[in-house]
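One-letter residues, chain by chain:
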Amino acid sequence: MKEKAKMLQPHTYLYGQTDLHIHFIVDSNERHYVIFDKLKNEWRCDCKWWTLKNTECSHIMACKLKLVELSENE
Ligand SMILES: [Zn+2]
């Protein structure tokens, strides 16, 4: 799972931010939309894995890596 997240990271884009949410697109073979809820401190993804199992998927992991990368570049 971690390895997949690393592979997805270069395909992960931050495309918008509001007071409440941060929006990401993970665009590899399939496109998925990931949202971080700042108030609840909660991640959401639209993939099957997340929807069915409600556990952190590789897309969410990739977005977390992306956030770290962005904050390191500041
Ligand atoms: Zn996902």
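Our structure is the block above this text.
Numbering of residues starts from 1 in each chain and follows the order in which that chain's sequence is written. Reporting of local features is limited, given that this is a predicted model, to residues whose pLDDT is at least 70; pairs of side-chain atoms are given and counted only at 80 or more, and all residues count toward the totals for whole chains, interfaces and linings.

### Considerations on the overall build of the protein
Now for step 1: Starting at the N terminus, helices and strands are each numbered in turn, a helix being any DSSP run of H or I of at least four residues and a strand any DSSP run of E of at least two. Helix and strand counts for the protein come out as three helices and four strands.
Now for step 2: Both definitions apply: the radius of gyration is a C-alpha atom measure, and the globule rule equals 2.2 Å times residues to the power 0.38. Compactness check: the protein gives a C-alpha radius of gyration of 12 Å against a globular reference of 11 Å for 74 residues, within 12% of the reference.
Now for step 3: For the protein, the proportion of its 74 residues judged to be buried stands at 23%.
Now for step 4: Each residue is represented by a C-beta atom placed from its backbone, and any two residues with such atoms within 7 Å are regarded as in contact. By sequence separation, contacts in the protein at least 24 residues apart represent 35% of the contacts at least 6 residues apart. Remark: C-beta atoms are placed from the backbone, and a residue is labelled buried if 20 or more other C-beta atoms sit within 10 Å of its own, exposed if 12 or fewer do, or partly exposed between those counts.

### Comments concerning the pairing of strand S2 (residues 21-27)
Now for step 1: Strands were regarded as paired on the criterion that DSSP finds at least two bridges between them. Here strand S1 (residues 12-17) runs beside S2; their pairing, made up of five bridges, is antiparallel. Paired with Leu14 across the bridge in S2 is Phe24.
Now for step 2: Once S1 ends, the chain turns through three residues before running back antiparallel as S2.
Now for step 3: Between S2 and the antiparallel strand that follows it, strand S3 (residues 31-37), lie three residues.

### Some details on the nonpolar core
Now for step 1: The nonpolar core is taken to be a set of buried Ala, Val, Leu, Ile, Met, Phe, Trp, Tyr and Cys residues joined by way of C-beta atoms within 7 Å. Judged by nonpolar contacts, Ala5, Leu8, Phe24, Val26, Val34, Cys45, Cys57, Ile60, Met61, Ala62 and Cys63 together constitute the single largest core of eleven residues.
Now for step 2: Contributions of two or more residues to this core are made by helix H1 (2-8), S2 and helix H3 (58-73).
Now for step 3: Once residues within four sequence positions are removed from consideration, Cys63 is found in contact with Thr12, Phe24, Val26 and Val34.

### What about H3?
Now for step 1: The end-to-end C-alpha distance of H3 is 23 Å, a good match for the 22 Å that 16 residues give at a rise of 1.5 Å each.
Now for step 2: Of the positions making up H3, those classed as buried are Ser58, His59, Ile60, Met61, Ala62, Cys63 and Lys66. One less than the residue count of a helix, multiplied by 1.5 Å, gives the span that helix is expected to have.

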